Amino acid sequence: MKYGMDVRAEAVRYFEMGFANKIVGRLLGIPHGTVKRWLYAYRALGKEALFVTKHKTYSHDLKVEAARAVTEGRMSKPEAMAAYGVKGRTQINEWCRLYREGGADALLPKPKGRPKKTEPAFSSREEELEARVRELELELEIQKRINALAEEIERRRRTR
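These figures come from a predicted structure and were not determined experimentally.

Enquirer: When you look at the overall build of the chain in this model, what are you seeing that I'm missing?
Expert: Of regular secondary structure, the chain possesses 7 helices and 0 strands. The order of α-helices and β-strands along the chain, N terminus first, is α-α-α-α-α-α-α. Relative to the globule expectation of 15 Å for 160 residues, the C-alpha radius of gyration of the chain, 29 Å, shows a markedly less compact shape. When the backbone C-alpha atoms are referred to their principal axes, the chain occupies close to 80 × 55 × 25 Å. Taken across its 160 residues, the chain has 23% of its residues classed as buried.

Put into structure tokens, the structure is as follows:
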């Protein structure tokens with residue numbers, strides 16, 4: 001958490017007094033973009049939203065329902081944030097974009113980590129051996145080129 005609870009409480013106090021995000025940012029010495037996000041969450045979910053700093057995960061069904069409600073025009077983004085308990089505007093924007101592009105399946109969780117390396121499947125032993133021969137021939141060609149370069153460098157060095 002970059003800004004402490006005391007700074008957030010001060011921002012809430014200024015929001016309640018009616019100050020805009022740029023003024024609050026100047027008063028607190030915080031970038032106005034950060035304060036703008038806080039103000040959006042404050043207006044959509046209330047002051048409690050600024051004091052919850054843990055990362056929250058959302059179920060696939062909740063993402064789909066929230067994105068569907070916004071894209072179909074049943075709710076505005078702040079209304080959907082309040083109804084579904086979504087803290088960040090960025091999240092609901094991303095869900096709506098993904099839902100428009102790929103439907104409900106686009107909101108499924110992505111697999112984590114590097115994909116597993118798969119070995120090529122050969123239909124016969126003969127194909128496997130042909131692939132191995134091609135691989136060895138390529139290695140031999142590379143080694144020949146390296147040797148030729150080394151000889152060329154050595155020859156140039158001797159002529160100097």
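Enquirer: Please clarify how helix H2 (residues 21-28) should be interpreted in this entry.
Expert: Among the residues of H2, those classed as buried are Asn21, Val24 and Gly25. Considered in projection along H2, the buried side chains sweep an arc of 100° and stay on one side of the axis. Where the residues of H2 are buried, they touch helix H1 (5-17) and helix H3 (32-45). Glycine 29 occupies a position one or two residues after H2 and carries a positive phi of about 70°.

Enquirer: What should I look at first to understand a nonpolar patch on the surface in this one?
Expert: Nonpolar side chains collect at one region of the surface, where Leu138, Ile142 and Ile146 lie side by side and expose about 290 Å² of accessible area between them. Along the chain, isoleucine 142 turns up in helix H7 (residues 125-159).

Enquirer: Before we go on, may I ask you to explain the packing of aromatic side chains in this structure?
Expert: By convention here, two paired aromatic rings are described through the distance between centres and the angle between planes. For the coordinates displayed, the defined rule picks out 4 aromatic pairs. Ring plane angle 85° and centroid distance 5.6 Å describe the contact between tyrosine 14 and phenylalanine 19, whose orientation is recorded as edge-to-face. Exposure remark for tyrosine 14: the relative accessible area of 13% places this residue in the buried category. Between arginine 13 and the ring centre of tyrosine 14, over which it is positioned, the NZ or CZ distance is 5.0 Å. Note that arginine 89 overlies the ring of tyrosine 40, its terminal NZ or CZ placed 4.4 Å from the centroid.

Enquirer: Looking at this structure, I do not really get the packing of helix H4 (residues 60-71) against helix H5 (residues 77-84). What am I missing?
Expert: When two helices pack together, you describe them by how their axes are tilted relative to each other and by the distance separating the axes. Viewed as axis vectors pointing N to C, H4 and H5 meet at an angle of 150°, and their least axial separation amounts to 9 Å. As far as their axial angle goes, H5 and H4 are roughly antiparallel. In terms of crossing hand, the pair formed by H4 and H5 is right-handed. Mapping the contact onto sequence places Leu62, Glu65, Ala66, Ala69 and Val70 in H4 and Lys77, Ala80 and Tyr84 in H5.

Enquirer: Can you help me understand the pattern of salt bridges in this one?
Expert: Any two side chains of opposite charge can pair, on the condition that their charged atoms come close. Under the definition given, this model contains 13 salt bridges. When the shortest N-O distance is used, the salt bridge between glutamate 65 and arginine 74 registers 3.4 Å. Among the ionic pairs, glutamate 94 bridges to arginine 97, the shortest N-O distance being 2.5 Å. Here the residue glutamate 94 and the residue arginine 97 both occupy positions in helix H6 (residues 89-102), the gap between them amounting to 3 residues, near one helical turn.

Enquirer: I would appreciate a short explanation of the nonpolar core in the present structure.
Expert: Generally speaking, a soluble globular protein has its nonpolar side chains buried in company with each other. In terms of nonpolar packing, the biggest core is built from 16 residues, with Tyr84, Val86, Ile92, Trp95 and Leu107 touching the most fellow members. Mapped onto this core, the elements with two or more residues apiece are H4, H5 and H6. Broken down by element, the residue count for this core peaks at 5 residues, all from H4. Setting aside residues no more than four positions away along its own chain, leucine 107 makes contact with His60, Lys63, Val64, Ala67, Trp95, Leu98 and Tyr99. Ranked by size, the runner-up nonpolar core spans 14 residues in total, among them Val35, Ala41, Tyr42 and Leu50.

What counts, and where the lines are drawn
Numbering of residues starts from 1 in every chain and runs along the sequence as written. In view of the model being predicted, local features appear only for residues whose pLDDT reaches at least 70, and side-chain atom pairs are presented and counted only at 80 or more, with totals across whole chains, interfaces and linings using the full set of residues. For the side-chain quantities, the full set of heavy atoms in the structure was used; hydrogens and water were omitted. Here a helix means four or more residues in a row that DSSP labels H or I, a strand means two or more in a row labelled E, and each is numbered from the N terminus. Every radius of gyration here is taken over C-alpha atoms, with the globule rule written as 2.2 Å times N^0.38, N being the number of residues. Think of it in three bands: residues with accessible area under 20% of the maximum for their type are buried, residues over 50% are exposed, and the middle band is partly exposed, with areas taken using a 1.4 Å probe on protein chains only. The directions from the helix axis to the C-beta atoms are what the arc is built from. Only heavy atoms enter the contact rule, under which two residues are in contact if any of them lie within 4.5 Å. The residues that make up patches have over 30% relative accessible area and no salt bridge, and they are joined within 9 Å when like-charged or within 5 Å when they are Val, Leu, Ile, Met, Phe, Trp or Tyr. Computed with a 1.4 Å probe, the accessible areas rest on the Shrake-Rupley method; for each residue, only the protein chains presented here act as cover. Only one rule defines a salt bridge in this text: a Lys or Arg side-chain nitrogen within 4 Å of an Asp or Glu carboxyl oxygen. The criterion for an aromatic pair is that two Phe, Tyr or Trp rings (for Trp, the six-membered ring) have centres within 6.5 Å, with stacked assigned to planes under 30 degrees apart, edge-to-face to planes over 60 apart and tilted to the rest. Ring-over charges, as used throughout, are those where CZ of Arg or NZ of Lys falls within 6 Å of the ring centre and within 35 degrees of the ring normal. The convention used is that axes are lines fitted to C-alpha atoms, helices contributing only their stretch in contact, and that angles between N-to-C directions extend from 0 to 180 degrees. Each angle receives one of four descriptions, namely roughly parallel if under 35 degrees, roughly antiparallel if over 145, roughly perpendicular if within 65 to 115, and oblique otherwise. Each crossing is labelled by how the near helix is turned from the far one, with a counterclockwise turn of less than a right angle marking it left-handed and a clockwise turn marking it right-handed. By convention a nonpolar core is built from buried Ala, Val, Leu, Ile, Met, Phe, Trp, Tyr and Cys residues, the set being connected through side-chain atoms within 4.5 Å.

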